[in-house]
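Residues per chain are reported as follows:
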Amino acid sequence: MNKVEEGIAAHIGEERLARLQGVKIGIAGCGGLGSNCAMHLVRSGFTRFTLVDFDRVEFSNLNRQAFFNDQVGQYKAEALAANMRAVNPDLDLDIYVERVDVARVKKLFGDCDAVVEAFDRAAAKKRLVEALLPLGRLVVSASGIGGCGDGDALVTRRVRDNFYLIGDGVTECSLDTPPLSPRVGIAAAKQADVILAHFLGPMNGKEGA
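Caption draft 1: The arrangement of the packing of aromatic side chains in detail. Under the defined criterion, the tally for this structure stands at one aromatic pair. When the centroid spacing of 6.4 Å and the interplanar angle of 80° are considered together, the rings of Phe46 and Phe199 count as edge-to-face. Here Phe46, found in the loop between α3 (32-44) and β2 (48-52), pairs with Phe199, found in helix α7 (residues 181-200); they are 153 residues apart in sequence, far enough to count as distant. The exposure classification of Phe46 matches that of Phe199, with both residues buried.

Put into structure tokens, the structure is as follows:
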């Protein structure tokens, strides 16, 4: 256990930390949702991840994604891995610089215990979720997170035993309601919170999801 992990264990205990360290999380898309969610999960004590994204960091991403000016031009999956390791250097990361092809879902995420769906487009989100659910893993998706204001409208819905959906379900990202840091961040934090509650178990007298 390194110093960072000792600090996390001071809050949740060594037994719970060990439980989280045995879980593997898939991040399908390392943009606004995926990058922010991954950083929350690392700070929560998770250490095993699969990161998948084909894209590179652009200046237009910095308004909401967990990257920095000097990372522009780098592949998002690799840049995110570096930022995660800046928090905890002892992570076990599988990094894939590629598109998440539905035909490759089992290969990419078959050994994961949970997957964060973090795509931009609704049609791609739907295809990925439909491919993931039969694997029986916990899947946490988001829909309706565009614009700003009314952060309380971004709710967590349990669609089925292994599928949660975050968002208002209405406000898709568009020219009129662009992806902005506060609401994207809220949704990403809620995705991380679902996963943490699922694997951490009872805290403060409340049962895990």
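Caption draft 2: Structural context of helix α6 (residues 122-132). Buried residues of α6: Ala124, Lys125, Leu128, Val129, Ala131 and Leu132, and no others. Along α6, the residues classed as buried sweep out an arc of 160° about the axis, all on the same side. Where the residues of α6 are buried, they touch β1 (24-28), α3, α5 (105-109), β4 (114-117), β5 (138-142) and β7 (163-167).

Caption draft 3: The arrangement of the pairing of β4 in detail. Both faces of β4 are covered, namely the face carrying Ala114 and Val116 and the face carrying Val115 and Glu117. Here four bridges tie β1 to β4, and the two strands are oriented parallel to one another. If you follow Ile25 over to β4, its bridge partner there is Ala114. Bridge count for β4 against β5 is three bridges, and the pairing is parallel.

Caption draft 4: Region of the structure containing the sheet that holds β5. The sheet built from seven strands is open, its strands ordered β3-β2-β1-β4-β5-β7-β6 with mixed pairing. Strand pairing shows two members of the sheet lacking a second neighbour, β3 (92-96) and β6 (155-160), which therefore form its edges. Each adjacent strand pair in this sheet contributes to an overall mean axis angle of 15°, direction not counted. Taken together, the five bridges between β2 and β3 define a ladder with parallel strand orientation. Within the sheet, the bridge partner assigned to Arg48 lies in β3 and is Asp92. The sheet strands contacting α3 are β1, β2, β4 and β5, and the helix crosses β1 at an angle near 160°.

Caption draft 5: Fine view of the nonpolar core. In terms of nonpolar packing, the biggest core is built from 48 residues, with Ile25, Phe46, Phe49 and Met84 touching the most fellow members. With nine residues, the top contributor of residues to this core is α7. Setting aside residues up to four positions removed in sequence, Phe49 forms contacts with Lys24, Ile25, Ile27, Ala38, Leu41, Val42, Met84, Asp92, Leu93 and Asp94. Of all hydrophobic cores here, the second largest spans 17 residues; its members include Val100, Leu108, Phe109 and Phe163.

About the thresholds
Residues numbered from 1 in each chain as written. Predicted model: local features only at pLDDT ≥ 70, side-chain atom pairs only at ≥ 80, totals over all residues. Heavy atoms only, no water. Phe/Tyr/Trp six-rings, centres within 6.5 Å; stacked < 30°, edge-to-face > 60°. Helix = DSSP H or I, 4+ residues; strand = E, 2+ residues; numbered from the N terminus. Buried < 20%, exposed > 50% of the residue type's maximum accessible area, 1.4 Å probe, protein only. Arc of directions from axis to C-beta. Contact = heavy atoms within 4.5 Å. Pairing = 2+ DSSP bridges. Axes fitted to C-alpha atoms, helices over the stretch in contact; angles between N-to-C directions. Core = buried A, V, L, I, M, F, W, Y, C linked by side-chain atoms within 4.5 Å.

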